[in-house]
Amino acid sequence: MASPMRSLLADPDRYLQSFRLFLERSTEHQCMQEFVERQLPDVIASIGNGKSAINVLSVGGGAGEMDLQILSKIRARYPGATINNEVIEPSADQISKYKERVAQASNLENIKFTWHKETAYEYESRMKAEKETKKWDFIHMIQMLYYVRDIPATIRYFHSLLESQAKLLIILVSGKSGWETLWQKYKSSLPLEDLCSYVSSADLPRMLDAAGLKYQLYELPSHMDITSCFIEGDKDGELLLDFLTETLDFAKTAPPELKRQIMEELRKPGCSENKDGKVFFNNNLGVVVIEP
């Protein structure tokens with residue numbers, strides 16, 4: 001009998017709901033903010049040397065929360081320069097939230113924004129069709145490589161757009177995270193669509209070495225409170241389970257044996273830590289900074 005399980009991406013509203021809850025319950029943004037505060041200044045130390053305009057490309061910029069923090073660091077490092085910030089983002093909803101965020105922010109003088117409602121692949125195809133080769137001083141891809149069909153080719157393409165002092169920043173789940181443990185074990189049992197592939201920072205060195213690229217790796221510690229996942233019928237717990245498994249209504253549609261195994265796995269040290277009666281999932285992130 002065919003499995004009734006469906007990909008979470010089949011229901012964009014529920015996906016967004018589960019994603020927002022994930023951000024609320026995890027230290028995802030806090031650990032990225034810490035990276036932006038502490039390590040990003042060194043990463044961008046030479047990208048705008050001697051330039052009156054700095055071109056920044058955000059690939060999969062989402063609602064812009066991290067983008068604006070990155071831009072504030074670039075502006076602080078190069079106070080006199082104009083920053084041209086272009087955003088590639090396929091979700092109209094996310095773009096509209098990004099625009100609202102920009103409208104409400106007070107410190108964006110000298111920053112120009114352009115949004116492209118398209119995927120990374122659509123952007124690449126359009127640029128090639130228009131024979132455009134715009135170069136960039138800083139390109140970042142935060143939590144977006146999962147939605148790319150050919151990851152090495154995408155990295156090579158955006159790397160080819162870097163100026164001589166530029167950097168390409170990639171953030172995605174760490175190869176040492178609970179995600180890696182869960183997905184390596186169970187991805188073949190889950191209804192992942194073509195739209196989404198599982199990749200972690202553990203996969204990137206092989207791809208980057210094969211392409212002959214120079215890079216640095218950073219590990220960002222992060223966790224997510226998944227205690228509610230173990231409370232039968234808890235609505236938030238069910239949403240988080242959907243997000244963890246990329247499965248729509250996982251708690252209701254997963255075969256009982258698969259559900260039992262995954263719930264058990266989620267409690268194990270490879271995935272989570274039990275602390276003060278709560279279960280904290282290892283949500284560590286990997287950061288890769290690629291040289292031109």
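Residues numbered from 1 in each chain as written. Predicted model: local features only at pLDDT ≥ 70, side-chain atom pairs only at ≥ 80, totals over all residues. Heavy atoms only, no water.

- An unreviewed UniProt entry lists the protein chain under the name HNMT methyltransferase, with Mohoua ochrocephala given as the organism.
- The record held by UniProt for the protein chain lists under Subunit (unreviewed entry) the comment "Monomer." (UniProt positions renumbered as here; feature names shortened; annotations may be inferred.)

Some details on the packing of helix α2 (residues 28-38) against helix α4 (residues 65-77)
Here is step 1 of the chain: Where α2 meets α4, the axes come as close as 10 Å, and the angle between the chain directions of the two elements is 15°. It follows from the interaxial angle that α2 and α4 lie roughly parallel. Along this stretch, α2 crosses α4, giving a crossing that reads as right-handed. Along the contact surface, α2 presents His29, Met32, Gln33, Val36 and Glu37, while α4 presents Glu65, Met66, Gln69, Ile70 and Lys73.
Here is step 2 of the chain: Here the contact of α2 with α4 is built from residues that sort into four nonpolar, three polar and three charged. (Axes fitted to C-alpha atoms, helices over the stretch in contact; angles between N-to-C directions. Helix = DSSP H or I, 4+ residues; strand = E, 2+ residues; numbered from the N terminus. Parallel < 35°, antiparallel > 145°, perpendicular 65-115°, else oblique. Left-handed = near helix turned anticlockwise from the far one by under 90°. Contact = heavy atoms within 4.5 Å. Nonpolar A, V, L, I, M, F, W, Y, C, P; charged D, E, K, R; others polar.)

What to know about the sheet that holds strand β5 (residues 136-142)
Here is step 1 of the chain: The strand order β4-β3-β2-β5-β6-β12-β7 describes an open sheet built from seven strands, whose pairing is mixed. This sheet does not close on itself; its edge strands, each paired only once, are β4 (111-116) and β7 (215-220). Averaged over neighbouring strand pairs, the angle between their axes works out to 15° when direction is ignored.
Here is step 2 of the chain: Sheet topology places β7 next to strand β12 (residues 285-290); six bridges connect them, and they run antiparallel. Across the sheet, the residue bridging to Tyr218 is Val287, located in β12.
Here is step 3 of the chain: Strand contacts of helix α5 (residues 92-104): β3 (82-88) and β4, with the helix running at about 170° to β4, the strand carrying the most contacts. (Pairing = 2+ DSSP bridges.)

A look at helix α7 (residues 151-159)
Since there are 3.6 residues in each turn of an α-helix, residues three or four apart along the chain are aligned in direction.
Here is step 1 of the chain: Burial in α7 covers these residues: Ile151, Thr154, Ile155, Tyr157, Phe158 and His159.
Here is step 2 of the chain: The N-cap of α7, judged by a side-chain oxygen 3.1 Å from the amide nitrogen of Ala153 a few residues on, is Asp150. (Buried < 20%, exposed > 50% of the residue type's maximum accessible area, 1.4 Å probe, protein only. Polar contact = N/O pair within 3.5 Å; in protein donor to acceptor, adjacent residues only side chain to side chain.)

Points about the nonpolar core
Here is step 1 of the chain: Of all hydrophobic cores here, the largest spans 61 residues; its most connected members are Leu145, Ile155, Phe158, Ile170 and Trp179.
Here is step 2 of the chain: Residue contributions to this core peak at six residues, all from strand β6 (residues 162-173).
Here is step 3 of the chain: Leu40, Val43, Val56 and Leu71 belong to the second largest nonpolar core, which has 32 residues in total. (Core = buried A, V, L, I, M, F, W, Y, C linked by side-chain atoms within 4.5 Å.)

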